[in-house]
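Coordinate analysis (summary)
Listed below, chain by chain, are the residues.
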Amino acid sequence: MQLVSRSDLGWGASGADSANPTQGLVVHYDGSDQGLAGKAHSACVSYWKSTRDFHVNTNGWADIGYSFGACPHGYVFEGRGLKKYQAAQGTTAGNRDWYSVTLMSGPGEKPPSAQVNAVRDLRSYLMQRGVAGAVRGHRDFTSTTCPGNTLYRMVEDGTFSKSGESKDDDMPEHRRYRGRDLDVRIPRGEWRYVPFNQRGSQRLDSFDYSVAFGPAQFVASVGIRLAGLAPGAEVQLRAVEVSASGDAWEIAQSYAINSPQHTNGRAHFTHTWNGNCVDGNRLRFYVTHFSTGDEPVVLESSDASVHTWSY
Ligand SMILES: [Zn+2]
Ligand SMILES: [Zn+2]
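Residues numbered from 1 in each chain as written. Chains lettered and ligands numbered in written order. Predicted model: local features only at pLDDT ≥ 70, side-chain atom pairs only at ≥ 80, totals over all residues. Heavy atoms only, no water.

**What about the coordination of the zinc ion (ligand 2)?**
For clarity, the threshold we go by: Coordination shells were defined by N, O and S atoms within 2.8 Å of each metal, extended to 3.2 Å for Na, K and Ca; water is absent from the atom set, which can make sites look incomplete. Any site counts as irregular unless it has four donors with all angles between 85 and 135 degrees, making it tetrahedral, or four or six donors with opposite ones more than 155 degrees apart and the rest between 65 and 115, making it square planar or octahedral. Strands here are runs of E lasting at least two residues and helices are runs of H or I lasting at least four, both read from the DSSP assignment and numbered beginning at the N terminus.
Every protein donor of the zinc ion (ligand 2) is accounted for by H41 (ND1), C44 (SG), C71 (SG) and H73 (ND1), and the metal-donor separations fall at 2.1 to 2.4 Å. Considering all four donor atoms around the zinc ion (ligand 2), angles at the metal cover 94 to 120° and the coordination shape is tetrahedral. For the zinc ion (ligand 2), the donor residues sit on a single chain with the sequence spacing H-x2-C-x26-C-x1-H. One end of the pair, H41, is in helix α1 (residues 41-58); the other, C71, is in the loop between β3 (68-70) and β4 (76-78), and 30 residues separate them in sequence.

**Things to note about the pattern of salt bridges**
Spelled out, the test is: The salt bridge definition used is simple: a Lys or Arg side-chain nitrogen within 4 Å of an Asp or Glu carboxyl oxygen.
Overall, the coordinates contain 11 salt bridges when judged by the stated rule. Residues joined in a network through salt bridges with shared partners are D8, R199, D208 and R282.

**A look at the coordination of the zinc ion (ligand 1)**
What counts, and what does not: Burial here depends on accessible area, computed with a 1.4 Å probe over protein chains only, as a share of the maximum for the residue type. Under 20% is buried, over 50% is exposed, and the range in between is partly exposed.
Around the zinc ion (ligand 1), the protein contributes the donor atoms H28 (ND1), H138 (ND1) and C146 (SG), at 2.0 to 2.3 Å from the metal centre. One chain supplies every donor for the zinc ion (ligand 1), spaced along it as H-x109-H-x7-C. A residue pair is termed long-range when its members are at least 10 positions apart, and H28 in strand β2 (residues 24-28) and C146 in the loop between β6 (134-137) and α4 (148-156) qualify at 118 residues. The pair formed by H28 and C146 is uniform in burial state, with each residue classed as buried.

**Some points on the packing of aromatic side chains**
Our working rule: Only Phe, Tyr and Trp rings take part, Trp by its six-membered ring, and two of them pair if their centres are within 6.5 Å. Stacked means planes under 30 degrees apart, edge-to-face means over 60, and tilted covers everything else. The criterion is that NZ of a Lys, or CZ of an Arg, lies within 6 Å of the ring centre and within 35 degrees of the ring normal, and then a charge sits over that ring.
Overall, the coordinates contain seven aromatic pairs when judged by the stated rule. Judged by centre distance (5.2 Å) and plane angle (35°), the ring pair of Y193 and Y286 falls under tilted. Residue Y193 is located in strand β9 (residues 192-193), and its partner Y286 is located in strand β17 (residues 282-289); the two are separated by 93 residues in the primary sequence. For Y193, a relative accessible area of 31% corresponds to the partly exposed category. Within the aromatic cluster, the residues linked to one another by ring pairs are W48, Y66 and F77. Against the face of W11 rests R52, its NZ or CZ located 4.4 Å from the ring centre.

**Overview of the sheet that holds strand β5 (residues 98-102)**
Applied cut-off: A pair of strands is considered paired only if DSSP assigns at least 2 bridges between the two. Contacts between residues were defined by any pair of non-hydrogen atoms, one from each residue, lying within 4.5 Å. Here an angle of 0 to 180 degrees is reported between the N-to-C directions of two axes, which are lines fitted to C-alpha atoms, with helices fitted over the stretch in contact.
Read from one edge of the open sheet, six strands run β1-β4-β3-β5-β2-β6, paired in mixed fashion. The outermost strands of the open sheet, each flanked by one partner alone, are β1 (3-4) and β6. Taken together, the four bridges between β2 and β6 define a ladder with parallel strand orientation. Pairing of L25 across the sheet is with V135, part of β6. Each of β2, β3, β4, β5 and β6 is contacted by helix α3 (residues 113-127), which is oriented at about 150° to β3, the strand it contacts most. Here α4 sits on the sheet in contact with β2 and β6, set at roughly 155° to β6.

**What to know about unusual backbone geometry**
Of note, the bond from C146 into P147 is cis; its omega dihedral lies within 30 degrees of zero at 10°. Position of P147 relative to the elements: it lies in the loop between β6 and α4. Positive phi values are uncommon outside glycine, yet K83 reaches one of about 60°. As for its position among the elements, K83 is in the loop between β4 and α2 (92-97).

**Considering the environment of Y286**
Overall, the relative accessible area of 14% leaves Y286 in the buried class. The sequence separation of Y286 and L237 amounts to 49 residues, and the corresponding C-alpha distance is 5.7 Å.

From the geometry alone we can't say anything about function, so treat these as descriptive.
This is the structure we're talking about:
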C-alpha cells in the first residue's frame, strides 16, 4: 500500500476520540466531480488538505471526518487513521465500529483501476489489523446519495473486496527517494538531516526527511554526495527510527565510514541498514563529518532505495 501519512502532510496526531473499529470499511465519495484523475498527484494533496480545513474550520470537527482517502493515482491518504472515531458515517455506531474511506471523486467519475486497487490494499491493511473484510456504502447507514451509484454498484458487486493487484505478501514494496540541489552545509561534528525532494518520479513541494513506515521489515540503502572534504576525512551516517507522533526518538544504528580517496573534496558514501520498523514509525538519516580542511563541507545530493516487507 502506498500511504501518504499524516506526517507526510505535516499534520500532528489526530485529536479525534479513540475507538476500535472492527466491522469493516465504509466507502464515501465527494458530492461533486473533482477531476483529480486528470491532474497531477499534488492536486490530491491539496484536495485532502482543503477537505481537512473545511471539516475543522467550517464544520468545527476535531479533525478531517474520514479515516482514509484513496486518490486516482493509487495512493491511500491517512485521515484520522487507525483507532479513531469517524465523523463520516452519520450514526454513532457507524462512526465507532467502522473505518471510512472516501474516493476523492464525484457522481460523474468512474474510479481508475489504481484507485480501486488503493481501496483493496487499504482493506487488506485493515484486515491484517483484526478488522473484518466487510465493505459497505455510506447509504447503508443513513439516508444519503453517498457514495453515488457508480461506487455503490462496486460495493455491491464485491469489486472492493478483491485482493489488491499490487500486493503479494512475499513481494517487497520498493520505494526510491532522491534529494537534488541540496546545498546543506554541515559543520564539523554536527549531525544534519539527509533530506529528499523527490519520491519515486514525483517532485515534492518541500523536503521530506523520512522514508518507509511500519510495520515492516526493511532494507534501506542510502547514498550521499559531499563536497569540500579534506582527503581521508571520516564521515558518519546514522539511521534513526522516529515514532508516528514524531517526538519519541530512538537511535537505531550509527555507522562511521572512512572517506575513500577523492579529488576536489568530493566523495560519495553509501550504507545499507536493515531492521524492523514498528507500526507507524519511519526512518530518518543523518550525516556528519570530521574533516579538518578549510573548505565548508556541503551535502550536495542524496539517494535512498527502500524495500519493505509488510507484516
Ligand atoms: Zn459519505
Ligand atoms: Zn493522487
